[in-house]
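Fold and contact review
Single-letter residue listing:
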Amino acid sequence: GATNSEHADPQLAFQERIHAVQRTLERLTTARGLSIPLQLGFPKELPPADAVPRFLMQLGLIEGLAELAMTVDGVSQLVSFKAEDPRSVGGAETDPEAFVTALPVQVHLSCSLSALTKVLHLIDRAQPVMALQRLQIAAPSDAASAVGQPPLDVELVVARYIIK
């Protein structure tokens, strides 16, 4: 019978999805006069077929985070994204049945403090759930702070969870 091309080639489907997300984000950022990272933070080479489902989830998470950040005034730049390696979450050793995996992504952005507060609030309320795992803020240099309020350099690691 006929084969479904997505099942025949998940890697190709993944590539198409990456391009679609890039186009969406370019539209969003252009509308706000921002630039977007050229790379969405995935390896250049095609992922192995069995990694595609998790990469698709991480891609969706990156897209969701970028769209969410774009709704907040005071986000001045999306600097970079990175899909991080999956991590097992608690109890996996003792209870192999309850095997939860975190699929983290890192987003690096420039924004004001009030914008960061809003972004964190939106992440907190997001559906499907986005779990904030790490937040790092690099204070701007002294030279910059002489000129009003410079944007903060913010790195967020946000994850979705999957249950095996």
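The paragraphs below set out a description of the structure included in this document.

Cut-offs and rules
Along each chain, residues carry numbers from 1 onward, in the same order as the chain's sequence is written. Per-residue local features are limited, in this predicted model, to residues with pLDDT of at least 70; the limit for side-chain atom pairs, both in listing and counting, is 80 or more; totals at the level of whole chains, interfaces and linings are taken over all residues. Computation of side-chain values: all heavy atoms of the structure, hydrogens and water removed. In DSSP terms, a helix is any run of H or I states spanning at least four residues, a strand is any run of E spanning at least two, and both are numbered starting from the N terminus. Throughout, the Shrake-Rupley method with a 1.4 Å probe supplies accessible areas, and for residues the shown protein chains are the sole cover considered. Each residue is placed in one exposure class: buried if its accessible area under a 1.4 Å probe, protein chains only, is under 20% of its type's maximum, exposed if it is over 50%, and partly exposed if it falls in between. Pairs of residues are marked as contacts when any of their non-hydrogen atoms sit within 4.5 Å. Salt bridges are defined by distance alone: a side-chain nitrogen of Lys or Arg within 4 Å of a carboxyl oxygen of Asp or Glu. Note on geometry: axes are lines fitted to C-alpha atoms, helical ones only across the stretch in contact, with angles between N-to-C directions running from 0 to 180 degrees. The cut-offs work like this: below 35 degrees is roughly parallel, past 145 is roughly antiparallel, 65 to 115 is roughly perpendicular, and the gaps in between are oblique. The crossing is said to be left-handed when, going from far helix to near helix, the turn is anticlockwise and less than a right angle, and right-handed when the turn is clockwise. As a working rule, the residues Ala, Val, Leu, Ile, Met, Phe, Trp, Tyr, Cys and Pro are called nonpolar, Asp, Glu, Lys and Arg charged, and the rest polar, with Gly in that last group. By this rule, a helix spans an expected 1.5 Å times one less than how many residues it contains. As used here, the arc belongs to the directions running from the helix axis to the C-beta atoms. Working definition: rings of Phe, Tyr and Trp (its six-membered ring) pair if their centres are within 6.5 Å, and the pair is stacked with planes under 30 degrees apart, edge-to-face with planes over 60 apart, and tilted otherwise.

Right, let's talk about the overall build of the protein for a bit. What the protein contains, in helices and strands, is 5 helices and 5 strands. When the helices and strands of the protein are placed in sequence order, the string is α-α-α-β-β-β-α-β-α-β. Element-wise, carbon and sulfur atoms account for 56% of the exposed surface of the protein, whose accessible area totals about 9,500 Å².

Attention now moves to the environment of Ile 137. Inspection of the secondary structure assignment puts Ile 137 in strand β4 (residues 131-138). For Ile 137, a relative accessible area of 42% gives the class partly exposed. For the pair formed by Ile 137 and His 108, sequence separation is 29 residues and the distance between their alpha carbons is 9.8 Å. Not counting the four nearest positions on each side in its chain, Ile 137 is found in contact with Leu 116, Leu 152, Asp 153 and Val 154.

Okay, the pattern of salt bridges next. A side chain of one charge can pair with a side chain of the opposite charge if their charged atoms are brought near each other. Taken as a whole and judged by the stated rule, the model has 3 salt bridges. With a closest N to O distance of 3.6 Å, Arg 87 and Glu 84 form a salt bridge. Given the relative accessible area of 36%, Arg 87 is considered partly exposed. The salt bridge involving Arg 134 is made with Glu 155; its shortest N-O contact spans 3.8 Å.

Following both chains from N to C, one finds helix α3 (residues 52-70) and helix α4 (residues 113-125) inclined at 135°, their axes separated by 10 Å at the closest point. The pairing of α3 with α4 is recorded here as oblique in orientation. As for the relative orientation of α3 and α4, their crossing is right-handed in sense. Here α3 contributes Leu 65, Leu 68 and Ala 69 to the contact with α4, which in turn contributes Val 119, Leu 122 and Ile 123. Looking at the contact of α3 with α4, its residues break down into 6 nonpolar, no polar and no charged.

End to end, α4 covers 19 Å across 13 residues, agreeing with the expected 18 Å (1.5 Å per residue, within 8%). Buried residues of α4: Ala 115, Leu 116, Val 119 and Ile 123, and no others. What you see down the axis of α4 is that its buried residues fit within an arc of 100°, all on one side. Away from its buried face, by an angle of more than 90 degrees, α4 presents the exposed residues Leu 113, Asp 124 and Arg 125.

Turning to the side chain of Gln 22, a few remarks are in order. As for its placement among the helices and strands, Gln 22 is situated in helix α2 (residues 10-31). With relative accessibility at 16%, the residue Gln 22 sits in the buried group. Not counting chain neighbours up to four residues away, the residues in contact with Gln 22 comprise Leu 38, Gln 39 and Leu 40.

Next up on the list: the packing of aromatic side chains. Across all of its chains, the model carries 3 aromatic pairs by this definition. Seen from their ring centres, Phe 42 and Phe 55 are 5.4 Å apart, and the 80° between their planes marks the pair as edge-to-face. Within this pair, whereas Phe 42 is found in the loop between α2 and α3, its partner Phe 55 is found in helix α3, the two being separated by 13 residues in sequence. Just as Phe 42 is buried, Phe 55 falls in that class too. The structure contains a cluster of three or more aromatic residues connected by ring pairs, namely Phe 14, Phe 42 and Phe 55.

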